[in-house]
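Analysis of the macromolecular model
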Amino acid sequence: MRLRGRKGIREELEALPQLVVLDAAEYKGKWKEFFGNDKPIHVELGMGKGRFISQHSVLNPDVNFIGVDMYDELIRRASEKALLAREELGLEGYPPNLALLRANIEGIADMFAPGELERIYLNFSDPWPKSKHARRRLSHPRFLEQYAVILNENGEIHQKTDSRTLFEFSLNSYAEVELQMKNISLDLHRDEVRDDLVLTEYESKFIKQGLPIHRCEVVVGEAALAAYRKEKADRRSREAAKEREDMEKAKQHTSQG
Ligand SMILES: C[S@@+](CC[C@H](N)C(=O)[O-])C[C@H]1O[C@@H](n2cnc3c(N)ncnc32)[C@H](O)[C@@H]1O
């Protein structure tokens, strides 16, 4: 994404301390203080122009959201999106449960304390297609190890991408770090036709181009893993019960006939 910073943009951002954080390490371990409550925190790493994070923040007031990007101009655009998202609901001002953090994700360990986050979104992260740049991919094991520290016991990573190469790389990374994957789709919008999915800017663009979107959710925390295992066991027993019922019906049908 090519961006030319406007003159005076830094001053504009500095004038929004209730929304914008410019010192990456300022709230490490203190995000509860920033939001003034202890609701769970979901972070989008590389939020771009911020459509996804601002819409999520107005739709989910019981969660706090942080959008991270490294460019002033994107932080400014995301702040406008946040105002618009509230206006659409007839509300004024910035969402009280949203923060925009201008920071380089390379320094993520300085931004969040262990267990401070509940969810990390990796939406259409830069694919870095050359293998010599693989370490820069946000799903590289060196990042996953840091995410596992800052995520809490319910922690999950939700990834979407159009890049098949990045997706395959990511699935291998999750397996390498022994994380449990779920809800994998190679064509999300074919598999789940829903009106309520919040799309990112890149996602809308790729959908218009007819490209399939790949999605994977990754379970990191112990409680999330336990809930996932229970859901899987429940599903299996429902399927087994249904199978028994079908066999019973088939038997009755044969004996009657
Ligand atoms: C391809 S865009 C995707 C934007 C958005 N998530 C979407 O789906 O529309 C990737 C974004 O990640 C940001 N980004 C990439 N590497 C980053 C880093 N190391 N630190 C902070 N932001 C980064 C870029 O500035 C860009 O806005």
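Data block above holds the structure.
Throughout what follows, the structure given in this document is the object of discussion. Given the structure is predicted, the values throughout are model-derived calculations rather than measurements. Residue numbers restart at each chain and count upward from 1, following the sequence in its written direction. Side-chain atom pairs in this predicted model are given and counted only at pLDDT of 80 or more, local residue features only at pLDDT of at least 70, and totals for whole chains, interfaces and linings cover all residues.

**A short note on the overall build of the chain**
A helix here means a DSSP run of H or I that spans at least four residues, while a strand means a run of E at least two residues long, and both kinds are numbered starting from the N terminus. Scanning the chain from N- to C-terminus turns up 9 helices and 8 strands. Over its C-alpha atoms, taken along the principal directions, the chain stretches across nearly 85 × 50 × 40 Å. By residue count, 36% of the 257 residues in the chain fall in the buried class. Taking the intrachain contacts of the chain between residues at least 6 apart in sequence as the baseline, contacts between residues at least 24 apart amount to 79%. The burial label depends on the number of other C-beta atoms within 10 Å of a residue's C-beta. Counts of 20 or more mean buried, 12 or fewer mean exposed, and intermediate counts mean partly exposed, with C-beta atoms placed from the backbone. Contact criterion: two residues are in contact if their C-beta atoms, reconstructed from the backbone, are within 7 Å.

**Focus on the nonpolar core**
Core membership is restricted to buried Ala, Val, Leu, Ile, Met, Phe, Trp, Tyr and Cys residues, and these are joined into a nonpolar core through C-beta atoms within 7 Å. With 46 residues, the main nonpolar core has Val43, Val68, Leu101, Ile120 and Tyr147 as its most contacted residues. A total of 5 residues in this core trace back to one element, the largest contributor, which is helix α4 (residues 72-88). When near neighbours in sequence (up to four residues on either side) are disregarded, Leu101 contacts Val21, Ala24, Ile66, Val68 and Met111.

**A short note on the sheet that holds strand β4 (residues 98-102)**
As summarised here, the arrangement of the 8 strands in space is β1-β4-β3-β2-β5-β6-β8-β7, forming an open sheet in which the pairing is mixed. Looking at the sheet topology across the chains shown, the edges are occupied by β1 (20-21) and β7 (180-185). For β1 and β4, the ladder comprises 2 bridges, and the chain directions are parallel. When the bridges of β4 are listed, Val20 appears paired with Leu100. Orientation is described by lines fitted to C-alpha atoms, with helices fitted over the stretch in contact, and by angles between N-to-C directions that extend from 0 to 180 degrees. Helix-sheet contacts for helix α3 (residues 51-59) involve β2 (41-45), β3 (64-69), β4 and β5 (117-123), and the interaxial angle to β3 is about 170°. In this description, strands pair whenever DSSP reports at least two bridges between them.

**A closer look at the site of the ligand**
Close contacts around the ligand come from 20 residues, with Gly46, Gly48, Phe124, Thr200 and Tyr202 the closest. Secondary structure elements with two or more residues in the shell around the ligand: β3 and α8 (201-208). Considering each element in turn, the shell around the ligand owes the most residues, 3 residues, to α8. Here the term charged refers only to Asp, Glu, Lys and Arg, the term nonpolar to Ala, Val, Leu, Ile, Met, Phe, Trp, Tyr, Cys and Pro, and the term polar to all other amino acids, Gly among them. Looking at the shell around the ligand, its residues break down into 9 nonpolar, 6 polar and 5 charged. To decide whether a residue is near a molecule or strand, its C-beta atom is placed from the backbone and checked for lying within 6 Å of it.

**Looking at the environment of Gln209**
By the element assignment, Gln209 lies in the loop between α8 and β8 (214-219). With 8 C-beta atoms counted inside 10 Å, the residue Gln209 sits in the exposed group. As for Gln209 and Tyr121, which are separated by 88 residues in sequence, their C-alpha atoms are 23 Å apart.

**Overview of helix α6 (residues 164-176)**
Think of an α-helix as turning once every 3.6 residues; residues three or four places apart then point the same way. For α6, with 13 residues, the first-to-last C-alpha span of 18 Å sits near the 18 Å given by 1.5 Å per residue. For α6, the full list of buried residues reads Leu166, Phe167, Phe169, Ser170, Ser173 and Tyr174. Projected down its long axis, α6 shows its buried positions confined to an angular sector of 165°, all on one face. For α6, exposure combined with an orientation more than 90 degrees from the buried face picks out Glu168, Asn172, Ala175 and Glu176. The span expected for a helix works out to 1.5 Å for each residue beyond the first. To obtain the arc, one takes the directions from the helix axis to the C-beta atoms.

**Structural notes on the environment of Ile105**
Tracing the sequence through the fold places Ile105 in the loop between β4 and β5. Residue class for Ile105 comes out buried when judged on the 20 C-beta atoms lying within 10 Å of it. C-alpha of Ile105 to C-alpha of Leu45: the two residues are 60 residues apart in sequence and 7.1 Å apart in space. If sequence neighbours within four positions are ignored, Ile105 has contacts with Leu45, Gly46, Val68 and Leu138.

**Focus: unusual backbone geometry**
Look at Trp128: it is not a glycine, yet its phi comes out positive at around 40°. By the element assignment, Trp128 lies in the loop between β5 and α5 (141-150). Here Trp128 falls in the partly exposed class, since 18 other C-beta atoms lie within 10 Å of it. If you check the backbone angles, Asn183 has positive phi at about 50° while not being a glycine. As for its position among the elements, Asn183 is in strand β7. Judged by the 14 C-beta atoms lying within 10 Å of it, Asn183 falls in the partly exposed class.

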